[in-house]
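# Understanding the architecture of this molecule
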Amino acid sequence: MGGDKIIIEGGVPLKGTINVSGAKNAVLPVIVASLLSSTPCRIIDAPQLADVEVICQVLESLGAKTYWVGKDLYVDASEISHCEASDEIVQKMRASILVMGPLLARMGKVRVSQPGGCAIGTRPIDLHLKGFEAMGVQMSKEQGYVTAQTNGLRGARIYLDFPSVGATENLMMAAALAKGTTVIENAAEEPEIVDLANFINSMGGRIRGAGTKIIKIEGVSELTGCEHQVIPDRIEAGSYLMAAAITGGDLTLENVIGDHLKPVIAKLVEVGCQITEGDSTLHILAPQTLSAADIKTLPYPGFPTDMQAQYMALMTRAQGASVIAETVFENRFMHAEELRRMGADIRINGRSAVVEGPCRLQGAMVKATDLRAGAALVIAALAAEGHTEISNTYYIDRGYDNLAAKLQGVGARITRR
Ligand code: EPZ
């Protein structure tokens, strides 16, 4: 990872080609799911992300081994000796709670710190815990920790009040080694869920229906190691599309699955971009002037909440007013304040924001408040007049593999200090 600050001189249209890395939100659950197997798994061409390093630390703290051979990450969970995800590790990265499913399946018990809120919301885990209870898990909570144990997971029919990505993943992993069949209804449909199901099936699992609202998991007695390459990162890809759109660029992305970006592509076309899809490429040609258009974030296949901040940055340069409704998280507008420092005209009203454009963005000293807010500030800075310094860039390193180098490669004046 580079220095703590990202420095950008704005005003350069992005031109050229960027290669997209493997998906952060696919590789994290896949690494955790490797705990289900007592023989090693190989994750091919895993993205180099801070969150990948953290999840590997979590697995090492449980007694598993993780090591890199070139760009491939190996996970060997033949020896699991601990069943606790400590306080500071869970506070550092919420995805650590995904160890619950595999540890309950393999060890029959797990103790995790309840994830606190974070910048974007309270982020409870009630849906995870309710699903585990239906599968024969006893829970107790004390001093901010959840202790869960079972005499053997059993298949259950679970209805998720909200199509939670994490709850769907946690329950799918537990169900893979449970006795009997589990049905998850109102399941999350994200592509990362499908990728995780494919990975578990490569280990010998029996999961059907991933990517739809009803997922059926037939428990098996054991799972063995396999090798897997995760899907490309649709949010990283979408972020670079927005960067090209705001700078009047002409950009080609390689290693993308256009199907995973449908709502983002549709919206970029609506605001005036020309987008052409190749086999595993996307090309975007930005218009001279952008039109304003509204969005409402929704669970997949709706417009992704993880693209909301980046879209808000883009709309500061569009002609007219745009309304942005954030329905997934209750506090995901922290980036608005920082964009205002660059000259944006944004009014927040509860869970919706109104952006008046176009405004002349000026370079400023700003700070990332979460991963995607950081990406939004990079996007705004690329189109701003003058010099921007973005601090707290560790947030950006969590989910963007080599962001500065990739943007330098297409003409951006960006450095790390
Ligand atoms: C995953 O988080 C992603 N993270 C998030 O990406 C993404 O924003 C989110 O899904 C929604 O798409 C990973 O995959 C590692 P949820 P997750 O459970 O699983 C509520 C990024 O920028 N909820 O679908 O935590 C919750 O409070 C990150 O890459 C409950 O109420 O998301 C939230 O409002 C940010 N109870 C909503 O559901 C629960 O038990 C969506 O949460 C669980 C969730």
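Residues numbered from 1 in each chain as written. Predicted model: local features only at pLDDT ≥ 70, side-chain atom pairs only at ≥ 80, totals over all residues. Heavy atoms only, no water.

### Observations regarding unusual backbone geometry
- Omega for the peptide link from Tyr300 to Pro301 comes to 10°, which places this bond in the cis form.
- In this fold, Pro301 is placed in the loop between β19 (295-297) and α10 (308-315).
- Put simply, Gly357 and Pro358 share a cis peptide bond, and its omega is -5°.
- As for its placement among the helices and strands, Pro358 is situated in the loop between β22 (352-357) and β23 (365-367). (Helix = DSSP H or I, 4+ residues; strand = E, 2+ residues; numbered from the N terminus.)

### Re the sheet that holds strand β13 (residues 214-218)
- Pairing in this open sheet of four strands is mixed, and the strands run β10-β11-β13-β12 from one edge to the other. Both outer strands of the open sheet, β10 (157-159) and β12 (206-208), are each paired with one neighbouring strand and no more. If you compare each strand with its neighbour and ignore which way they point, the axes differ by 15° on average.
- When strand β11 (residues 181-185) meets β13, the two strands line up antiparallel, connected through five bridges. Note on β13: the bridge partner recorded for Ile184 is Ile215.
- The strands touched by helix α7 (residues 191-202) within the sheet are β12 and β13, with β12 carrying the most contacts at an inclination of about 150°. (Pairing = 2+ DSSP bridges. Axes fitted to C-alpha atoms, helices over the stretch in contact; angles between N-to-C directions. Contact = heavy atoms within 4.5 Å.)

### Focus on the sheet that holds strand β1 (residues 6-9)
- Taken together, the four strands give an open sheet; going across it, the order is β23-β24-β1-β25, and neighbouring strands pair in mixed fashion. Where the open sheet ends on each side, the last strands, each with one partner, are β23 and β25 (413-416). Within this sheet the neighbouring strands show an average axis-to-axis angle of 20°, counted without direction.
- Where β23 and strand β24 (residues 387-391) come together, three bridges link them in parallel fashion. Residue pairing in the sheet places Val366 in a bridge with Ile390 of β24.
- Against the sheet, helix α12 (residues 371-383) makes contact with β1, β23 and β24, and its axis sits at roughly 30° relative to β1, the strand it touches most.

### Quick word on the environment of Glu330
- Topologically, Glu330 is positioned in the loop between β20 (318-326) and α11 (334-341).
- On a C-alpha basis, the gap between Glu330 and Glu88 in space is 24 Å, while along the polypeptide they are 242 residues apart.
- Sequence-distant contacts of Glu330, that is, excluding residues within four places in its chain, are made with Ile120, Gly121, Thr122 and Arg351.

### Observations concerning the pairing of strand β15 (residues 250-254)
- Residues Leu251 and Leu253 line the buried face of β15, whereas the alternating positions Asp250, Thr252 and Glu254 sit on a face that is not buried.
- Pairing of strand β2 (residues 15-19) with β15 involves five bridges; the strand directions are parallel. Note that in β15 the partner of Lys15 across the bridge is Asp250.
- Direction of pairing for β15 relative to strand β17 (residues 281-285): antiparallel, over a ladder of five bridges. Within the sheet, the bridge partner assigned to Leu251 lies in β17 and is Ile284. (Buried < 20%, exposed > 50% of the residue type's maximum accessible area, 1.4 Å probe, protein only.)

### Points about the site of the ligand
- Around the ligand lies a shell of 20 residues, among which Arg94, Asp126, Ser164, Asp306 and Val328 are the nearest.
- Between the ligand and Arg332, the relevant distance is 3.4 Å, taken from an oxygen atom to a side-chain nitrogen or oxygen of the residue.
- Coverage of the ligand by the protein amounts to 87% of the 820 Å² it exposes when considered alone.
- Per element, the largest residue contribution to the shell around the ligand is three residues, and it comes from helix α5 (residues 126-134).
- Grouping the amino acids of the shell around the ligand by side-chain chemistry returns eight nonpolar, five polar and seven charged.
- In this structure, the shell around the ligand is formed jointly by two domains, domain 1 (6-21 + 232-416) and domain 2 (24-229), each of which donates at least three residues. (Near = heavy atom within 4 Å. Polar contact = N/O pair within 3.5 Å; in protein donor to acceptor, adjacent residues only side chain to side chain. Areas by Shrake-Rupley, 256 points an atom, 1.4 Å probe, with all protein chains shown as cover. Nonpolar A, V, L, I, M, F, W, Y, C, P; charged D, E, K, R; others polar. Domains from an automatic or database assignment.)

### With respect to the domain arrangement of the protein chain
- When its domains are assigned, the protein chain resolves into domain 1 (6-21 + 232-416) and domain 2 (24-229).
- Just the C-alpha atoms count here: the centres of domain 1 and domain 2 sit 30 Å apart.
- Facing 23 residues of domain 1, the contacting portion of domain 2 comprises 20 residues.
- At the boundary of domain 1 and domain 2, one finds two salt bridges. (Salt bridge = Lys/Arg side-chain N within 4 Å of Asp/Glu carboxyl O.)

### Some details on helix α4 (residues 100-107)
- Buried within α4 are the following residues: Met100, Gly101, Pro102, Leu103 and Leu104.
- Structurally, α4 contributes buried residues whose contacts are with α1 (24-33), β7 (109-113), α5, β8 (137-142), β9 (145-150) and α6 (165-176).
- Where α4 terminates, the next one or two residues include Gly108, which has phi positive at roughly 80°.

### Some points on the environment of Gly357
- Examined against the element boundaries, Gly357 turns out to sit in strand β22.
- Residues in contact with Gly357, not counting those within four places in the same chain, are Met315, Thr316, Ala318, Gln319 and Gly320.

### Examining the pairing of β7
- Examined bridge by bridge, strand β6 (residues 84-85) and β7 share two bridges and lie parallel to one another. Looking across to β7, one finds that Ala85 is bridged to Val112.
- Direction of pairing for β7 relative to β9: antiparallel, over a ladder of five bridges. Directly across from Ser113, in β9, lies its bridge partner Tyr145.

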